[in-house]
Amino acid sequence: MSELTLTLIKLGFLALLWMFVLAVLSVIRSDLFGAKIDSRTAASLAPNNSRTPKAAKPVKKRKGLPGSVTIADGPQAGVGATLVEEPVIIGRGSDCQIRLDDDYSSTRHSRLFLSEGQWWVEDLGSTNGTYLDGQRVTRPVPAEIGGSIRIGRTTLNIAK
Amino acid sequence: MSIASTSVIQIIPRTRRGVELWLLIVAIAVAVGAYVNIGLTVQDKIPASTGYYAAGIGLLALIAHFALRYRAPYADPVMLPCAVILNGLGVAMIHRIDLGLAAVAEANGRTPKAPAAPQQITWTAVGVVLFLVVILVIRDHRRLQALTYTAGLAGLVLLVLPLIPGLGVNLNGARIWIRLAGMSFQPGEFAKVCLVIFFAGYLVVKRDVLTLAGHRFLGLDLPRARDLGPILIAWAVSLGVLVFESDLGSSLLFFGLFLFLLYVSTERAGWLIIGGLLFAGGAYFAYQTFGHVHRRIQDWLDPFSIDGGQVASGLMGQAWGGVLGRGLGQGRPELTLYGQSDMIISSFAEELGLTGVIAIILIYTLIIERGLRTALGCRDIFGKLVATGLAMSFALQVFVIVGGVTGLIPLTGLATPFMALGGTSLVANWAIIALLLRISDQARRPQTPAAPVSDETIAMAVQKQ
C-alpha cells in the first residue's frame, strides 16, 4: 500500500476519533454554557420571583417558639422553611433545607436546631460568618421571633 | 418542609436515549475502523474476522443500550458510548500487539503465544453481563446504604484474599492475584467498588461530627484526635497492601479514594493536609525499606539507566509517535514490555500520537465529568458520595497510570480502565459504569411533585448525627 494511502488512513482515523469526542462535547454542552429553561420550568419559577417581600416590615420581639424562617429580600424572597422538630440547615449546598443562591455563603453555612425547648442558631464553620441581629454568631445562640439572620448577602427573618 | 424541594439543581428531564444510540454508533464505527485499519496496514487486507468483531461489539453495546432504555431511561447518555469506545479501542490495540508479537516470534523461529484479543472480547462479554445484572437487580442505589458495613467487610476480605497461601499468587512482583479453577483474578478491583460503598455509607453518618468538631490552628480547621481513627485505619490498611502485597498502585488508589471522599463530605482542607503528610511519610518509608519501590523510583528518576527498561522503551515509543503517530499498525508497540496491559497508553501514543492520546484522555475526562455531574445532581447524600467515589476511582487510576507511563510520577501497576488487557479490571469497570448510570438515572429523573423520599432521606441523614 502506498505511503500516501497509509497517511490518509492514519489522518482519517484520528479525525474519526476526534469526531466522537466533539459529538460527546456537543451533547453535554448544556453543562458548560447553561441549559435553556423551557416555558414550563420558567412558569413554575415566575411566582417565586414576583412575590413581594411581605416579611420585610419589622416584627416586634415576642414570646413563644419561632415557627418559620424565611428569606427577606432579593430574588429568593419568600423561600424558607417551617421550624418543626428537625434541624434546618442553611447554605448553598443542594442538601440544605434552605438553599441560598448567594456567592457569599458556604455550602453548609449555618444551622437552626431545637434544644432545651428553644431554637438555636449555630454557625457551621462558614467562611463569611453568620450574624444574628448584627452580632456575629460564634457559638449557638437562641433564635427568637422577630430576629434576623444575615448570611452572606442574604437576610432571613425568624417569624412565628 | 415543602419549600425545600424547590432547592434541587435545575435539570430539564429528558431521557436522551436516542442521542446515546447515535453516539454508540459512532463509537462502534471508531472501534471497527481501528480494527480494519490494523488489518489493512499489517496484513494488507481487510481482515476476514471484521464481521465477527463488529457484530460482537455492536451486539454487546446494543444489549446494554436497551437495558438502559427499559430499566434506567433517564441515565446519562454519554457514559455508555465512552466506555464502549475505550473498550473497543483497547481490544483493537491488543489485537494489533498480538499480530506484532506473532511476527516477532516467527522471525525468531519460535511458535507464537496464543493471541490475547479473543480472551479480552470474552471478558468484555462477561463485563456487559455484569452491567446488565447491576442495572436489573439494583433498582435504587439507596438500598446499598443498608449494606454499608457488609460492603466494608467484603472489601477487606477481597483485599486480603491474595495473601491466603495456596490461593494467592505472586505475579510480576506483586501479590494481588488469586488463582481459582485455572484462571487468575485480581480481587482488588472489586474491593474498590465495595470500599467506595462503605466509605460513602460511613461518611453519610459521620460527616457532621467530622465537619463540626475540632479546633482552628494556623488558619486550618483541624479535627479532634479521636476522630482521626478512621483515617488512620485507612492509612494502615493501604500501607498493609503496600507491604504485604507489594502493590504501590492499589495502595495509592485506596488511600486516595478515602481521602477524597472525606474531603468532599466534610469540606475541610485539614483532612487533605493530614492525609497528604501521612501518605508522604508512608511513601518515604516504603522507598527506604522495600527493594521494588526503590527500583520503581530509580526507574522514574533515570529511566535510561536500565538497559531496555519498561519506562524507557515506552518513552522511546511515545517520542517516535510524535504529534500524529506512526499510524495504526505501523509502529512497534510489541517491543515494549507489557505493551498490552500496563503500557497500553504508550502503545497508543506510538501509533496515534499525541493527537490520539489527548482524545483518549479526553474520553476518560468525559466519563469522570459525567460521574461528578451525577453526584451534583443526585438528591441524596449517599448517592452523591458513591458517584463521587466511583468517578474519582477512574480519575485516580487514569492519572496514576498515564502519569507513570509518561514519566510524570513513578510507574505503578494500575490497570488503564477499559483498555488494558485483564479480565477482572474490565468486568469491575463495567460494574462501576452500571452503578454510575443507575445513580444518574435517579438524579436526572423528573422529580415527583411531593418528592417525599428525597426529603426524608435528607432529614434522616441530618438526624443521624
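Please read all numbers here as calculations on a predicted model, not as lab measurements.

Engineer: Please explain the overall build of chain A as it appears in this structure.
Structural biologist: Broken down by element type, chain A carries three helices and eleven strands. When burial is assessed residue by residue, chain A has 41% of its 160 residues classed as buried. Residue pairs at least 24 apart in sequence account for 39% of intrachain contacts in chain A once pairs closer than 6 positions are excluded. Carbon together with sulfur atoms contributes 55% to the accessible area of chain A, which is approximately 9000 Å² in total.

Engineer: Just checking my understanding: could you explain the overall build of chain B for this structure?
Structural biologist: A tally of regular secondary structure across chain B gives 15 helices and five strands. Taken over 465 residues, chain B has a buried fraction of 56%. Put simply, 75% of the contacts in chain B that link residues at least 6 apart link residues at least 24 apart. In the structure as shown, chain B presents an accessible area of about 19000 Å², 68% of it carried by carbon and sulfur atoms.

Engineer: Sorry if this is basic, but what is going on with the UniProt feature "transmembrane region" (unreviewed entry) in chain A here?
Structural biologist: The feature "transmembrane region" (unreviewed entry), as given by UniProt, occupies residues 6-28 of chain A in the numbering adopted here. Secondary structure across residues 6-28 of chain A comprises 96% helix and 0% strand; the distance between its end C-alpha atoms is 34 Å.

Engineer: How should I be thinking about the interface of chain B and chain A in this particular structure?
Structural biologist: Put simply, an interface is often sized by how much accessible area is lost when its parts join up. Contacts between the two partners involve 54 residues from chain B and, on the opposite side, 41 residues from chain A. Where chain B abuts chain A, roughly 4300 Å² becomes buried across the two surfaces, and 69% of that area is made up of carbon and sulfur atoms. Applying the counting rule to chain B against chain A returns zero salt bridges. For the pair chain B and chain A, the interface holds four residue pairs in polar contact (both at pLDDT 80 or more). Broken down by secondary-structure element, the contributors of at least two residues to the side of chain B that touches chain A are α1 (17-43), α3 (79-107), α6 (188-212), α12 (344-377), α13 (381-406) and α15 (452-463) of chain B. Broken down by element, the residue count for the side of chain B that touches chain A peaks at twelve residues, all from α12(B). Each residue belonging to the side of chain B that touches chain A can be placed in one class, and the counts come to 32 nonpolar, twelve polar and ten charged.

Cut-offs and rules
- Residues numbered from 1 in each chain as written.
- Chains lettered and ligands numbered in written order.
- Predicted model: local features only at pLDDT ≥ 70, side-chain atom pairs only at ≥ 80, totals over all residues.
- Heavy atoms only, no water.
- Helix = DSSP H or I, 4+ residues; strand = E, 2+ residues; numbered from the N terminus.
- Buried < 20%, exposed > 50% of the residue type's maximum accessible area, 1.4 Å probe, protein only.
- Contact = heavy atoms within 4.5 Å.
- Areas by Shrake-Rupley, 256 points an atom, 1.4 Å probe, with all protein chains shown as cover.
- UniProt positions renumbered as here; feature names shortened; annotations may be inferred.
- Buried area = accessible area lost by both parts, 1.4 Å probe.
- Salt bridge = Lys/Arg side-chain N within 4 Å of Asp/Glu carboxyl O.
- Polar contact = N/O pair within 3.5 Å; in protein donor to acceptor, adjacent residues only side chain to side chain.
- Nonpolar A, V, L, I, M, F, W, Y, C, P; charged D, E, K, R; others polar.

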